[in-house]
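Tertiary structure, described
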Amino acid sequence: MHYPSKVQLIDVGPRDGLQNEKQPVPAAVKIELVHRLQAAGLRSIEVTSFVSPKWVPQMADNAQVMAGIARQSGVCYSVLTPNLQGFEAALASKPDEIVVFAAASEAFSRKNINCSIAESIDRFAPVVQAALAAGIRVRGAMSCTVGCPYEGEIAPERVGYLAGLMRGIGVQHIGVADTIGVGTPRKVQAAFEATLRYFSLADVSGHFHDTYGQALANTLAAMEIGVYQFDASVAGLGGCPFAKGATGNVATEDVVYMLHGMGIDTGIDLDLLIDAGVFISDYLQRPSGSRAARALLTRRGTPA
Ligand code: HMG
Ligand code: MG
């Protein structure tokens with residue numbers, strides 16, 4: 001089995017992680033979290049989203065958070081933009097990358113962004129054009145690529161169909177997301193294989209929520225077919241407000257522990273990453289969702 005020798009991780013904790021918190025998390029805490037993630041060696045951080053504050057109140061401080069970050073060169077700061085209104089609001093914050101997000105399931109598309117898949121593509125097309133014209137990279141995210149909370153199992157053909165639409169409007173990189181964490185390795189591989197008909201390996205990444213405890217296995221399964229870029233969330237934070245019961249993304253600490261144990265380079269300092277996870281877990285007053293972090297903290301003598 002040939003695994004990649006290097007894996008790139010995007011920490012989506014400040015966005016995917018915190019969007020789901022009921023209590024407001026102050027901008028200063030979000031900014032400190034981003035600072036700690038970059039200090040730990042993360043080279044790509046999903047900071048916030050420019051979505052409707054009525055739909056996701058937790059991200060209402062998007063511009064304030066972006067303005068407060070002391071940027072490090074070589075770090076990519078990305079934000080979600082569901083439409084031109086969000087993109088225009090994001091522009092002043094000078095993101096390095098924007099993310100347009102669609103779903104492989106019609107029902108989830110409507111619940112999450114209040115429109116059909118086809119309508120979402122029509123909304124994204126001018127956003128993608130405007131971003132590329134402004135020199136901003138464009139990533140796409142595809143939700144519910146193996147299962148949907150409303151429609152059940154999702155066939156790989158539907159993932160391929162959406163990937164083709166995203167490619168058609170000029171999206172440069174695509175994330176294959178298991179939003180509710182129901183995927184198992186072969187199903188996840190099938191979703192990637194459908195996507196790889198439209199995007200090259202260098203332009204795809206995995207995004208696995210860990211609801212059913214499958215995310216590390218799914219990460220490894222994606223690596224078996226050559227995928228080497230993954231989203232993860234420090235302390236395993238998060239979920240999606242429109243996908244009931246979905247827990248957080250796979251914890252970045254757990255992915256890093258696994259990869260380093262396999263001799264695979266991530267450029268991340270696990271100790272500093274664990275400190276970042278302790279910082280946000282302490283703020284949220286709950287133990288870290290990372291099994292590796294909890295175990296290593298016990299070894300340090302400071303159990304979570
Ligand atoms: P809508 O209600 O259909 O939009 O929402 P609209 O165009 O009809 O506008 C209605 C109101 O929203 C207006 O305000 C607009 O100004 C405002 P009003 O006149 O009522 O005061 N509005 C906005 N405000 C701020 N920023 C904007 C914006 N757009 C409109 N960009 C919309 C459509 C997409 C905006 C809405 O459905 C929304 O914001 N949804 C949030 C979706 C979201 O953030 N979901 C979580 C992130 S996706 C995710 O977690 C999955 C992922 O992690 C991958 C995975 O795991 O699957 C990426
Ligand atoms: Mg997600």
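Treat the numbers as computed from the prediction; the structure is a model and nothing was measured. Here the residue numbering is sequential within each chain, running from 1 through the sequence in written order. Here every chain gets a letter starting at A, and every ligand a number starting at 1, in the order they are written. Totals for whole chains, interfaces and linings use all residues, but because this is a predicted model, local features are given only for residues with pLDDT of at least 70 and pairs of side-chain atoms are given and counted only at 80 or more. Hydrogen atoms and water are omitted, and side-chain values are computed over all heavy atoms in the structure.

Quick look at the environment of Val25
Spelled out, the test is: Counting from the N terminus, the helices are the DSSP runs of H or I reaching at least four residues and the strands are the DSSP runs of E reaching at least two. Residue contacts are defined here by distance: any two heavy atoms, one from each residue, within 4.5 Å place the two residues in contact.
Take Val25: it is sitting in the loop between helix 1 (13-17) and helix 2 (27-39). For the pair Val25 and Thr81, spaced 56 residues apart in the sequence, the C-alpha separation amounts to 21 Å. The residues touching Val25, leaving out its near neighbours within four places in the chain, are Leu18, Lys30, Gln58, Asp61, Tyr283 and Leu284.

Describing the nonpolar core
Operational definition: Residues belong to a common nonpolar core when they are buried Ala, Val, Leu, Ile, Met, Phe, Trp, Tyr or Cys residues joined through side-chain atoms within 4.5 Å. Partly exposed describes any residue whose relative accessible area lies between the buried limit of under 20% and the exposed limit of over 50%, with all areas from a 1.4 Å probe on protein chains only and scaled to the type maximum.
Ile98, Met166, Val171, Leu273 and Ile280 are the most contacted members of the largest nonpolar core, which totals 95 residues. Setting aside residues up to four positions removed in sequence, Met166 forms contacts with Val100, Ala102, Ile121, Phe124, Gly140, Ala141, Val171, Ile174 and Phe199.

Let's talk about the coordination of the magnesium ion (ligand 2)
Octahedral six-donor coordination of a metal ideally yields angles of 90 or 180 degrees, compared with 109.5 degrees for tetrahedral four-donor coordination. Stated formally: In this listing, donors mean N, O and S atoms no farther than 2.8 Å from the metal, or 3.2 Å for Na, K and Ca; water is missing from the atoms, so a site can look incomplete.
The protein atoms that coordinate the magnesium ion (ligand 2) are Asp16 (OD), His207 (NE2) and His209 (NE2), at distances of 2.1 to 2.3 Å. Positions of the donor residues of the magnesium ion (ligand 2) along the chain correspond to the pattern D-x190-H-x1-H.

A look at the layout of surface pockets
For clarity, the threshold we go by: Cavities and pockets were defined on a 1 Å grid built from protein atoms only: a cavity is a group of points that admits a 1.4 Å probe but offers it no way out, a pocket is an open group of points flanked by protein on both sides within 12 Å along at least five of seven lines, and a lining residue is one with an atom within 4 Å of any such point. Grid points are joined across faces, edges and corners, and a volume is the space filled by probe spheres set on the points. Each residue gets one of three labels, nonpolar for Ala, Val, Leu, Ile, Met, Phe, Trp, Tyr, Cys and Pro, charged for Asp, Glu, Lys and Arg, and polar for the others, Gly among them.
Here the largest pocket is characterised by a volume of approximately 750 Å³. Lining of the largest pocket is provided by 39 residues; of these, Val51, Pro82, Phe101, Asn112 and Ile113 occupy positions nearest its centre. Elements supplying a minimum of two residues to the lining of the largest pocket: helix 1, strand 2 (44-49), helix 4 (84-91), strand 4 (97-103), helix 5 (106-113), strand 5 (137-143) and strand 8 (173-178). Estimates place the volume of the second largest pocket at around 370 Å³. Around the second largest pocket sit 23 residues that line it, and Gln8, Ile10, Arg43, Ser44 and Gln229 are the ones nearest its centre. Among the secondary structure elements, those contributing two or more residues to the lining of the second largest pocket are strand 1 (8-11) and strand 5. Residue classes in the lining of the second largest pocket are distributed as eight nonpolar, nine polar and six charged.

Points about the site of ligand 1
Threshold: Here a residue is considered near a molecule or strand provided that any single heavy atom belonging to it is located within 4 Å of it. Each polar contact in these results corresponds to two N or O atoms within 3.5 Å; when the atoms are within protein, one needs to be able to donate a hydrogen and the other to accept it, and residues that are neighboring in sequence are counted only if both atoms are side-chain atoms. To measure how exposed things are, a 1.4 Å probe is used in the Shrake-Rupley method; for residues, cover is taken only from the protein chains shown. More than half of a molecule's atoms within 2 Å of the grid points is what it takes for that molecule to sit in a cavity or pocket.
For ligand 1, the set of nearby residues contains 27 residues, the closest of which are Arg15, Asn112, Asn114, Ser143 and Thr179. Val51 has a polar backbone atom sitting 3.3 Å from a nitrogen atom of ligand 1. A distance of 3.0 Å separates an oxygen atom of ligand 1 from a polar atom in the side chain of Lys54. Starting from 1100 Å² of accessible surface for ligand 1 in isolation, the protein chains cover 75%. The site holding ligand 1 turns out to be the largest pocket. For the shell around ligand 1, the secondary-structure elements that each account for two or more residues are helix 1, helix 4 and helix 5. Class assignment for the residues of the shell around ligand 1 results in 12 nonpolar, 11 polar and four charged.

Concerning the pairing of strand 4
The two faces of the sheet receive side chains in turn, since in a regular strand these alternate between them. Put simply, the test is: A pair of strands is considered paired only if DSSP assigns at least 2 bridges between the two. A crossover gets the label right-handed when its path from the first strand over the helix to the second runs clockwise, viewed with the strands pointing away from the viewer.
By the criterion of burial, strand 4 is predominantly enclosed, with seven of the seven residues buried. Side-chain alternation along strand 4 places Glu97, Val99, Phe101 and Ala103 on one buried face and Ile98, Val100 and Ala102 on a second face that is also buried. Sheet topology note: the strand 3 (residues 76-80)/strand 4 ladder contains three bridges and is parallel. Looking at strand 4, one finds that Leu80 is bridged to Val99. Viewed along the sheet, the connection from strand 3 through helix 4 into strand 4 turns out right-handed. When strand 4 meets strand 5, the two strands line up parallel, connected through seven bridges. If you follow Val99 over to strand 5, its bridge partner there is Arg139.

Concerning the packing of helix 7 (residues 156-168) against helix 8 (residues 185-195)
Here is the rule we go by: Axes here refer to lines fitted to C-alpha atoms; in helices the fit is confined to the stretch in contact. Angles between the N-to-C directions go from 0 to 180 degrees. When the near helix sits turned anticlockwise from the far one by under a right angle, the crossing is termed left-handed; a clockwise turn instead gives a right-handed crossing.
Look at helix 7 against helix 8: their axes get within 8 Å of each other, and the N-to-C directions meet at 35 degrees. Every pair of crossing elements has a handedness; the one defined by helix 7 and helix 8 is right-handed. Counting all contacts with helix 7, which are made through Pro156, Val159, Gly160 and Ala163, the residues of helix 8 involved are Ala190, Ala191, Ala194 and Thr195. Considered class by class, the residues forming the contact of helix 7 with helix 8 number six nonpolar, two polar and no charged.

Nothing here speaks to function; it is geometry throughout.
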